Structures are given as structure tokens and as C-alpha cells.
Amino acid sequence: MTLPDGSVLEVPAGSTAAQVAERIGRRLAQAAVAARVGGELVDLSTPVDQATTVELITLDSPEGIQILRHSCAHVLAQAVLRRYPQAKLAIGPTIEDGFYYDIDFGQPFSQEEFSALEEEMRKVIQEDLPIHREVHPRQEMIRFFQERRQPYKVEILQEITDPTVSIYRQGEFVDLCRGPHLPSTGRIKAFALLSVAGAYWRGDEKRPMLTRIYGTAFPTAAELQEHLRRVEEARHRDHRRLGRELGLFAVSDEVGQGLPLWLPKGAAIRRTLERYIVDLELRAGYEHVYTPPLARTELYKISGHWDHYRENMYPPMKVDDEELVLRPMNCPHHIMVYKQAQHSYKELPVRIAELGLMHRYERSGVLTGLARVRGMTLNDAHIFCRPDQIKDEFLRVVRLIQQVYQDLGFHDYVYTLSLRDPADTHKFVDNPLMWETAERVVREALDELGVTYRTDVGGAAFYGPKLDVDVKSVAGKYETISTVQVDFYLPERFQLEYIGADNQPHRPVMIHRGVISTMERMTAFLIELYGGAFPAWLAPVQAVVLPVADRHQTWAQQVLARLQAEDLRAEVDGRDEKLNRKIRDAEVQKVPFMLVIGDREVENGQVAVRQRGKGDIGSIPAATFVERLARLVRSRRLDLDLDRV
RNA sequence: GCUGGCGUGGCUCAGUGGUAGAGCAGCGCACUCGUAAUGCGCAGGUCGUGGGUUCGACUCCCACCGCCAGCUCCA
């Protein structure tokens, strides 16, 4: 057989992966947890003598760690059954950074029971039970799990079509599983149970809610500790925490859930973003409008939202003879803007943009700080174009997105093209020709851009295919920030027209697009991305002037005035506190620049510049600093290096 | 909405079936200070809300509201 390094190894007939490892070396044999044979992961106990290639998997590889965690999930299940023999096991997969097991305890289960459970798991690990794979006829296993009163396992088995299935046995514990697994439970060195939460069986709200226990495992205790430390550190970047600590936004019970208040400093960030994106869009040929956040219910009946989206809308209110609703999106208003005039084919595309205030009723459990709210302002636009312009407009939007991401410092993002599920005529507008055309044009545009994308069948909007751009957050999750949607449907609903070269009316196509998402979500994202330490152009306070003593106040105020004259956001910390204290507070508030002013600076018309996170970088004339900071801000550089501007 | 947890001054958190505590923040006074917290003092809470149990509830029970983790949902 061939090894990964290209060498060839002869082994006796019937040799297992473990024996191959032994032949290669004792250290490897001890470290190996599984093997990859012909591209497939298998247990060490698998005979591999017929294989052409064998690669041994250790805990140094991502696959090895996954196997470790998967086996740890089994140990958890085993411990659960020892302590709760009546528990019904559902599924126990690995996830990024850990694993979970869904279990029906038939009674409330709380996190307080973790320590006892962990104790039992440690026993299972100490027993060092060998883990065996067995393959049996599926029907036999259905009976087997019926006898063991494991209905969820039976249900899974009933949906499997293979004639045989594999199970894994460790001591008295048996689980239905594809594997592979560690050779024995004793190989688990470091694990922890983390949290407990409810999860619907099969992810279906209408099915029973199970108890999901989350845990994780690492090759060594040190790595586990390191992971727990990282999780703790991530908590400090949480935008809700930073939002309070830095005075950016607040949510108040009196105002209502999901209805955040933008405090002055958060508003400064938002205003900066708004001015930035509006200017950029104006340059890109968009026309910005203002339309009201309310409309007659009728408008949404025409658009179809009333039928398809009502559960996410606030209920209507009756005023005089009108019935009004808070708008959940801006498209109908923008359509009405388009309809205010006749349009010639020569003036298309018409790009109507707005920072549109919308309200959506979101279920209470999903509300999260600024990231998920009920009242939000979307960086929205609707492009009305001819069918032959779709591809070009689509390209222009994606390029705009790419530029914005560069300015905001987003480097890690993925494109997802969401298509309809042709079988689901309930969710998606039933018009196959329309869908096929839209999907083809979008694919062509993406190919032309040369971007790689994944596809999500069934993820489209009800009116057309969409491209989502998901940006990797600090937490490692990808969050949808931008979206581009082709829509052949609303123009039909609203009877939109343009006059073609043939002097006949034609139907335009709409492209819905959001580049920087809602102001709320984007701000939340940026807070976490930068951990509150914003680049200068976004920082709510760009410089704080720190007079050393009272006699320096006058010059401090003059420096402030010069900063403000250049539209820089600055403050004077005139409190009766020592310099050290003012510096500490400014650092904690993550202000990019601190300008210390004492006798020397007053005398020379200078400021002693201290850069956030770096310290004293020397004194320069106040005018020089103002000019450099203004340039830095204008350049939208992501670093604070004043010498490079 | 569902499961579990949590709710004590602006913030972070102690605490207990028998008259509510600390630190930070705030206010006052003193210090006038050179690169990450000056000192002293003062004030501030119907212990989320509403019921119930009890001689007595912040503590125990119930309901509701909100927050957190996750699920579900997400045009």
C-alpha cells in the first residue's frame, strides 16, 4: 500500500490500520486515532490490506479532533444513560469547536447536573472501554433499538435505506453511528460540558423539544483551557457589552424590546457610515430618496407581502378611513417613486436608494442587542432596469460591495447564491420560466466576476434568486451582510413599465440590493470586529485632549476648537483628575489619540500625542497633528499610523 | 414562540425566612498633578412586576415582564 509520503509498505494479509501504524512506528501507533483509506475515514481496527493508500489520522489533524469529540459525545450519552436509564437519545454530532447530544430526558434537565454528569464521564474514560464497530442488518437494529426503548434511533433507522448499518459499542453502551471512533474511551484527555439548551427533534417546531447538551474536547488540558479562555475573551467583544461600556447604544424596557436607542457616540458611528455609503452610492449613480415608514395596507396587498410576510409585520392601525401598517421593507415605496413618471428605455437603469426605516415583528427569542432588532434602517436600493441590463447591474452591485468591504476592513467573506426549490410552489412564486431566466443571468454575472460561490437550493426570496454575501465575524460565524436579489415579480404586480425603442411599453426588472445591511446590524458587526477599537474614521471620538493641570485648560480648548474646525470628533477631558487617570479612561474608551497638554506644549503650541494601544509618540505642533489626523480620517485607513498619511 | 438559566442602586457583583452590602460610576471637599485608576466624605435600592404561603418574604410557591444560551424563524 502507499503512504502519504509516497513510500510503499508491504503488510501481511488481514492487517488492520492499527497494525500498519505499528509497522511505521511506535509513536505513530500511539498517536493514531483513525485512518483514511482510499479517501474514507475508518477505525484503526479496520482491515486495510487491500487498500491502495493509507493515511493515519492523529489528534494533530482537524479530522482527528472531530473523531475525539464525536467519541466524547458517545461518552456523554453513556454517562447520561447510566444516570438516567429512561433517557432517550436522539443525535450527537460534532460541531465547530465541540459537540452536542440531543436527549429526551422526559423531565427538566438543568446545568446544575453537569458536575455529576462530568464525574460519570470521567469514570467511563477511566474504565478505558474499547470502542468496537459492528455491522448488522438494518431490520435487526430496528428491533434492537426498539427493545432498548430508543425511539429516536428507531426513527433514524427507518429512514435509512441501506440494508446494513453500523453501531458502536463501548462497555454496556451501544449507539447507532457511522463512525469512525477512537479505539477506546481512555483516549479522551480533556473535555468539558458547556451549556444546555432546548432543541426541537429534527429541528421541527412541531416535534418534541429535546435537551441539547453542548460540550467540547481537546487533545490536551492546556488546549481546552486555551479554548475556554478564548470563549471568555469573545465575551468582552460582545457588542452588547461594548455598546454599554462605550456608551454607544441602549435598549430600554420602557421603549420596548428590539427598539434600540442610539446614544451620541453610537450615533456618531452610524452617521459616519451613513454619510459614507450615501456618498458612495451617489457617485455610483444611485438617486437617494426619503419615503415614510408607514403605508396603507393596500400597498402590501399589491406587493404580495401581505400574503407572504404578514407574520413578520406589525398589525395594521386604523386612522380615519385608512388602514396603515409599519413597513417591513422599502420596495413598494421605491416602486411608487419609480411610478411617478414615465420612463424611457434610454434613462434606465433607474437606481432608487434610501436609508429606509422599517419595522419587523421578530419573535422575542431572536432579539439580540443591535444585531437583531424590530426597528431598523436598511441601506436599501432598488434598481429598475431592462432585462438586457440585469447582468451589468448585478456586476456593478457586487463590485460596490467589494469596495465597501475593503474600506470597512472585511477580508473573509463568502458568496451564497440562493435558488428556489422547484418542488415548493407554496413558498416560491410559481413561474418556472421567470426563475430559470433569473438564475441563468445571475450565474453568468458571477462567472464573469470570477468569484466562487456556493448555492443554496430553497433559500431564495419568494420573488427571485438572490446572492448573499456572508462576512466572517470575530466569533467565527458567517453573517449575512449584503444581498442582491433579482425580481421579475414585483414589476408585474405593480404593472411597471418603460417605453422601449419600439414606442411600446415594456416591463422592467427590479434588483433589490443591500450593501451595508441595516445600520443596526452593521454597527453591531463593526463593534465586534474591532472590539470597540475602531479605526480613526469610524471612531466616535477620534481624539481626546488631556490638560495636565487647570492652567492648561485654555490651550486645550483651543486645540479642541482646531480639531472641530476640521470636522474631527474630539473632546477635552477637563476633569479634576490626574493625567494617569485620564489616560486610563481614554484607553478604556478606546479613543485613537490622546493629546496631552502641559507646560511645554502650551509654551510651544504643541500637543504630546499618545496613540491608543501604543503609548507616547512624541510632541508635534497642534496644527500638524490636526492636519495629519484629518488626512488619516479622510483616507479611511484602518491603522493609526500618523506618519504614513 | 419553545427549552434551560438569570433578574439585588447607573454598572459589576456579594448576601440571607427576622431592620439590605461592596467596588466602580455620581455628588462634595482637598490635592494642580507629565503617559493606564489621588485621598477623604456624602448620597443612592418598594431586591423586575403582580399575586400567594407565613407572625414575618429580597429569600419559598404561582403568573407575568425582561435579559442570557440555544432551538425555530428570517424577503
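Residues numbered from 1 in each chain as written. Chains lettered and ligands numbered in written order. Predicted model: local features only at pLDDT ≥ 70, side-chain atom pairs only at ≥ 80, totals over all residues. Heavy atoms only, no water.

A word on the sheet that holds strand 21 (residues 453-457). Across the sheet, eight strands lie side by side as 14-18-19-26-23-22-20-21; this open sheet has mixed pairing. With partners counted over all chains shown, the strands left at the sheet margins are strand 14 (287-288) and strand 21, one partner each. Where strand 22 (residues 466-472) meets strand 23 (residues 478-487), seven bridges bridge the pair, whose relative direction is antiparallel. Within strand 23, the position partnered with Lys-472 by the bridge is Tyr-478. (Pairing = 2+ DSSP bridges. Helix = DSSP H or I, 4+ residues; strand = E, 2+ residues; numbered from the N terminus.)

Turning to the domain arrangement of chain A, a few remarks are in order. Each domain of chain A was delimited in the assignment, giving domain 1 (17-58), domain 2 (63-234), domain 3 (261-289 + 327-530) and domain 4 (543-644). The centre of domain 1, based on its C-alpha atoms, is set 62 Å off from the matching centre of domain 4. (Domains from an automatic or database assignment.)

Surrounding RNA strand B, one finds 52 residues, the nearest of these being His-305, His-308, Phe-462, Asp-576 and Arg-581. Among all atoms of RNA strand B positioned within 4 Å of the protein, those belonging to sugar or phosphate total 54%. Arg-600 has a polar backbone atom sitting 3.1 Å from a base oxygen of RNA strand B. With respect to RNA strand B, the side chain of Glu-601 contributes an N or O atom lying 2.6 Å from a base nitrogen. Of all elements in the fold, only strand 10 (190-200), strand 11 (209-218), helix 8 (239-245), helix 11 (305-308), helix 18 (579-588), helix 19 (599-604) and strand 30 (606-611) reach the threshold of two or more residues within the surface near RNA strand B. Tallied by class, residues from the surface near RNA strand B come to 20 nonpolar, ten polar and 22 charged. (Near = heavy atom within 4 Å. Polar contact = N/O pair within 3.5 Å; in protein donor to acceptor, adjacent residues only side chain to side chain. Nonpolar A, V, L, I, M, F, W, Y, C, P; charged D, E, K, R; others polar.)

Listed as buried for helix 1 (residues 17-24) are Ala-17, Val-20 and Ala-21. Each buried residue of helix 1 lies within a common arc of 100° when the element is viewed along its axis, so the set occupies one face. (Buried < 20%, exposed > 50% of the residue type's maximum accessible area, 1.4 Å probe, protein only. Arc of directions from axis to C-beta.)

Summed over all chains, the structure comprises zero disulfides. Here Cys-72 stays unpaired: no disulfide links it, and the sulfur of Cys-177, its closest cysteine neighbor, is 13 Å away. The thiol sulfur of Cys-385 is not disulfide-bonded, and the nearest other cysteine sulfur, from Cys-331, lies at 15 Å. On the basis of relative accessibility, which here comes to 0%, the residue Cys-385 falls in the buried class. (Disulfide = S-S within 2.5 Å.)

Another aspect to go through is the pairing of strand 3 (residues 54-58). Most of strand 3 sits inside the fold, with four of its five residues counted as buried. Here strand 1 (residues 32-37) runs beside strand 3; their pairing, made up of five bridges, is antiparallel. Residue pairing in the sheet places Ala-35 in a bridge with Leu-56 of strand 3.

This part takes up the packing of aromatic side chains. Inspection of the entire model under this criterion finds 13 aromatic pairs. Ring geometry for Tyr-84 versus Phe-105: centroids 5.1 Å apart, planes at 85°, classification edge-to-face. Within this pair, whereas Tyr-84 is found in the loop between helix 3 (62-83) and strand 4 (88-89), its partner Phe-105 is found in the loop between strand 6 (98-104) and helix 4 (114-126), the two being separated by 21 residues in sequence. On the basis of relative accessibility, which here comes to 10%, the residue Tyr-84 falls in the buried class. Look at Phe-105 and you get buried, because its relative accessible area is 3%. Taken together, a centroid distance of 5.2 Å and an interplanar angle of 75° make the contact between Phe-410 and Phe-525 edge-to-face. Placement of Phe-410 in the loop between helix 13 (390-408) and strand 20 (413-419) and of Phe-525 in helix 16 (residues 519-530) is noted, with a sequence separation of 115 residues between them. With a relative accessible area of 4%, Phe-525 lands in the buried category. An aromatic cluster is present here, built from Tyr-405, Phe-410, Tyr-413, Tyr-415 and Phe-525 joined pairwise through their rings. (Phe/Tyr/Trp six-rings, centres within 6.5 Å; stacked < 30°, edge-to-face > 60°.)

Here we take up the sheet that holds strand 8 (residues 164-170). Two pairing modes exist for strands in a sheet, parallel and antiparallel, and in both the strands are linked by backbone hydrogen bonds. One open sheet holds the three strands; their spatial order is 7-8-9, and the pairing between them is antiparallel. Of all strands in the sheet, those bounded by a partner on one side alone are strand 7 (131-137) and strand 9 (173-176). Here the average twist between neighbouring strands, direction ignored, is 30°. Of the strand pairs in this sheet, strand 7 and strand 8 are connected by seven bridges, and their pairing is antiparallel. Each bridged residue has a counterpart across the sheet, and for His-132 the counterpart in strand 8 is Arg-169. (Axes fitted to C-alpha atoms, helices over the stretch in contact; angles between N-to-C directions.)

What follows deals with the pattern of salt bridges. Under the definition given, this model contains 43 salt bridges. Where Glu-119 meets Arg-122, a salt bridge forms, and the shortest distance between an N and an O atom there is 3.4 Å. Of this pair, Glu-119 and Arg-122 both sit in helix 4, three residues apart, roughly one helical turn. Where Arg-513 meets Glu-281, a salt bridge forms, and the shortest distance between an N and an O atom there is 2.9 Å. You can see Arg-513 sitting in strand 26 (residues 509-518) and its partner Glu-281 sitting in helix 9 (residues 264-283), a full 232 residues away along the chain. (Salt bridge = Lys/Arg side-chain N within 4 Å of Asp/Glu carboxyl O.)

Looking now at the packing of helix 13 against helix 14 (residues 432-449). Where helix 13 contacts helix 14, the two axes come as close as 9 Å, and the packing angle between them is 50°. Here helix 13 lies oblique to helix 14, going by the angle between them. Two packed elements cross with a definite hand, and for helix 13 against helix 14 that hand is right-handed. Across the interface between the two elements, Ile-390, Lys-391, Phe-394, Leu-395, Val-398 and Arg-399 of helix 13 pack against Val-441, Val-442, Glu-444, Ala-445, Leu-446, Glu-448 and Leu-449 of helix 14. Class assignment for the residues of the contact of helix 13 with helix 14 results in nine nonpolar, no polar and four charged. (Parallel < 35°, antiparallel > 145°, perpendicular 65-115°, else oblique. Left-handed = near helix turned anticlockwise from the far one by under 90°. Contact = heavy atoms within 4.5 Å.)

Here the focus is the packing of helix 17 (residues 553-565) against helix 20 (residues 622-635). Running from N to C, helix 17 and helix 20 point in directions that differ by 30°, and their axes come no closer than 10 Å. In terms of their interaxial angle, helix 17 and helix 20 are classed as roughly parallel. For the pair helix 17 and helix 20, the sense of crossing is right-handed. Residue-level contacts link Trp-555, Val-559, Arg-562 and Leu-563 of helix 17 to Ala-622, Ala-623, Phe-625, Val-626 and Leu-629 of helix 20. Residues that form the contact of helix 17 with helix 20 fall into these classes: eight nonpolar, no polar and one charged.

A separate point is the side chain of Thr-185. With respect to the secondary-structure elements, Thr-185 resides in the loop between strand 9 and strand 10. Its relative accessible area of 0% is what places Thr-185 among the buried residues. Among the polar contacts listed, one links the side chain of Thr-185 to the backbone nitrogen of Leu-129, at a separation of 2.8 Å. Apart from the residues within four sequence positions on either side, Thr-185 is in contact with Val-75, Val-124, Ile-125, Asp-128, Leu-129, Ile-131 and Gln-170.

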